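Descriptive structure summary
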Amino acid sequence: MQLYNLKHPSQVVSFTEAVKLGLGKDRGLFFPKQIPQLQDIDSLLALPFVERSKKVLGAWLASELGQDTVDRLVERAFNFELPLVKADENLYSLELFHGPTLAFKDFGARFMAQCLNELAQSEKINILTATSGDTGAAVADAFYGLDNINVVVLYPKGKISVLQEKMFTTLGDNIHTVAVQSDFDACQALVKRSFEDLDIRDGLHLNSANSINISRLLAQICYYFEAVAQFKQQNDSDPVIAVPSGNFGNLTAGLFAKAMGLPVKRFVAATNSNDTVPRYLGNGEWLPEPTVATMSNAMDVSEPSNWPRVEAIVAAMNWSLDEIIGLGVSEADTRDSVTALNSAGYLSEPHAAIAALALKQTMSADEKGIFLATAHPAKFNEVVEEILQIELALPDELARVVPKAILSVELNDDFEQLKTHLFKILAV
């Protein structure tokens, strides 16, 4: 598999190199030179999830890694269920929160961890990533205890839920966490600047584990195939799929799936009040505004770094951006959507509720759709309990971290402070 740097197309790397580097020259995103096309989609959709995923990822990676290696990586990474649940007459929820950290990020993080563990061998790797909520927990859990790999997670202090925070800040060992006195965009900017600094990038063997890493995106393609496979067992039509969107890696994976041949009628990019992309899709002007804190905090991103890949897929497939519907959802409408879903018998949290509402508002009467449920409702128990006036029981994964102490170091939004800290904890 060959990938090129979207900013510097002359930089061409293998999948192994792209996984290890994370970002290309000048923070450029790696993008595949070719998108594989799958044949006999109906037969593929009839397979069980793990067996199908081996074939989907093998189409990308078998020529470089060998199919046996791909099979091994998939078996180790994908060992939890992902049910498609009917939420009301025309809406289905793909529940992606049954992994170890109760969020969809488990798919990408666990596959990336297995890739690095397999491909890096004895090389020392230091991973630096930023999280607006769920990435931190998924990455920390996936890499916790792996030899020769350290992880540093930056997150905005006070802007993620306490339970989200405790899932990745209480581990210690090779997991280091930094609470930054700012918002997610500032955390992401610090990560990007670190990759531009040669002392840090080369001196600390730096890598990134958020959705800019191609291994995570490829893993996420697999659950779109599973969503459609389960949907087709009950429906003759192709689904509309709504994606709760923050940094837009999730939508990127969905578009890759469609480009490979997956029958999806269209995608809806659902955001909260941080609606840079819906506004751009509406008027063609890219005008990020200051990030606003919302109850759907994992989507509090004003400058999504994966958007160049979305446009690259659209260009490669000769599609139009008009085929992607963008919709920003207000806080009041988010609350109403959580309530409406609960009244219909489906318990949701704000991110999924945003995607569900976006589906309802953009589908015609004869269409059916899928929204992605990206996190367990209990991860946002305070918000859900306040909206619905109920008390949620905590699953074991969350209950275990409640009494644990947060081990984070607090830093200002200051690059030199971060640089000093990184060398202190990572340099040998």
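Right above here is the structure, for reference.
Residues numbered from 1 in each chain as written. Predicted model: local features only at pLDDT ≥ 70, side-chain atom pairs only at ≥ 80, totals over all residues. Heavy atoms only, no water.

1. A closer look at the pattern of salt bridges
Considering all chains together, one arrives at 16 salt bridges under this definition. The closest approach of N and O atoms between glutamate 118 and arginine 76, which form a salt bridge, is 3.5 Å. Note that glutamate 118 is positioned in helix α5 (residues 105-119) and arginine 76 in helix α4 (residues 67-77), a separation of 42 residues in sequence. Judged by relative accessible area, arginine 76 falls into the partly exposed class, the value being 40%. Note that glutamate 367 is salt-bridged to arginine 266, the shortest N-O span being 2.8 Å. Pair noted here: glutamate 367 is in the loop between α15 (350-362) and β13 (369-373) and arginine 266 is in strand β11 (residues 266-271), with a separation of 101 residues, a long-range link. (Salt bridge = Lys/Arg side-chain N within 4 Å of Asp/Glu carboxyl O. Helix = DSSP H or I, 4+ residues; strand = E, 2+ residues; numbered from the N terminus. Buried < 20%, exposed > 50% of the residue type's maximum accessible area, 1.4 Å probe, protein only.)

2. Considering the packing of helix α14 (residues 331-343) against α15
Their axes nearest at 8 Å, the elements α14 and α15 cross at an angle of 90°. The pairing of α14 with α15 is recorded here as roughly perpendicular in orientation. The residues of α15 that touch α14, namely those facing Asp333, Thr334, Ser337, Val338, Ala340 and Leu341, are Pro350, Ala353, Ile354, Ala356, Leu357 and Lys360. In terms of residue class, the contact of α14 with α15 is made up of 8 nonpolar, 2 polar and 2 charged. (Axes fitted to C-alpha atoms, helices over the stretch in contact; angles between N-to-C directions. Parallel < 35°, antiparallel > 145°, perpendicular 65-115°, else oblique. Contact = heavy atoms within 4.5 Å. Nonpolar A, V, L, I, M, F, W, Y, C, P; charged D, E, K, R; others polar.)

3. Side note on the sheet that holds strand β2 (residues 12-14)
Pairing is antiparallel in the open sheet, where 3 strands are placed in the order β2-β1-β3. In this open sheet, the two strands that pair with only one neighbour each are β2 and β3 (30-32). On average, each strand axis in the sheet is tilted by 40° relative to the strand beside it, whichever way the strands run. With 3 bridges joining them, strand β1 (residues 2-5) and β3 adopt antiparallel strand pairing. Bridged to asparagine 5 within β3 is phenylalanine 30. (Pairing = 2+ DSSP bridges.)

4. Here's the deal with the sheet that holds β13
The strand order β4-β5-β13-β10-β11-β12 describes an open sheet built from 6 strands, whose pairing is mixed. Two strands close off the open sheet at either side, each with one partner strand: β4 (84-86) and β12 (324-328). Averaged over neighbouring strand pairs, the angle between their axes works out to 25° when direction is ignored. In the sheet, strand β5 (residues 91-95) pairs with β13 via 5 bridges, with the strands oriented parallel. Its bridge partner lying in β13, leucine 94 is registered against leucine 372.

5. Notes on empty space enclosed by the protein
Within this structure, the stated rule accounts for 2 cavities of 30 Å³ or more. Of the voids in this model, the largest cavity is the one considered here, and its volume is about 290 Å³. Contributions of two or more residues to the lining of the largest cavity are made by α6 (134-143), α10 (214-232) and α11 (249-260). In the lining of the largest cavity, the residues fall into 8 nonpolar, 13 polar and 3 charged. In terms of lining, the second largest cavity is formed by Leu255, Lys258, Phe267, Val314, Trp319, Ser320, Glu323 and Ile324. Looking at the lining of the second largest cavity residue by residue, the class counts come to 5 nonpolar, 1 polar and 2 charged. (1 Å grid on protein atoms, 1.4 Å probe; cavity = no way out; pocket = protein on both sides within 12 Å on 5 of 7 lines; lining within 4 Å. Points joined across faces, edges and corners; volume = space filled by probe spheres on them.)

In short, geometric facts, not functional conclusions.
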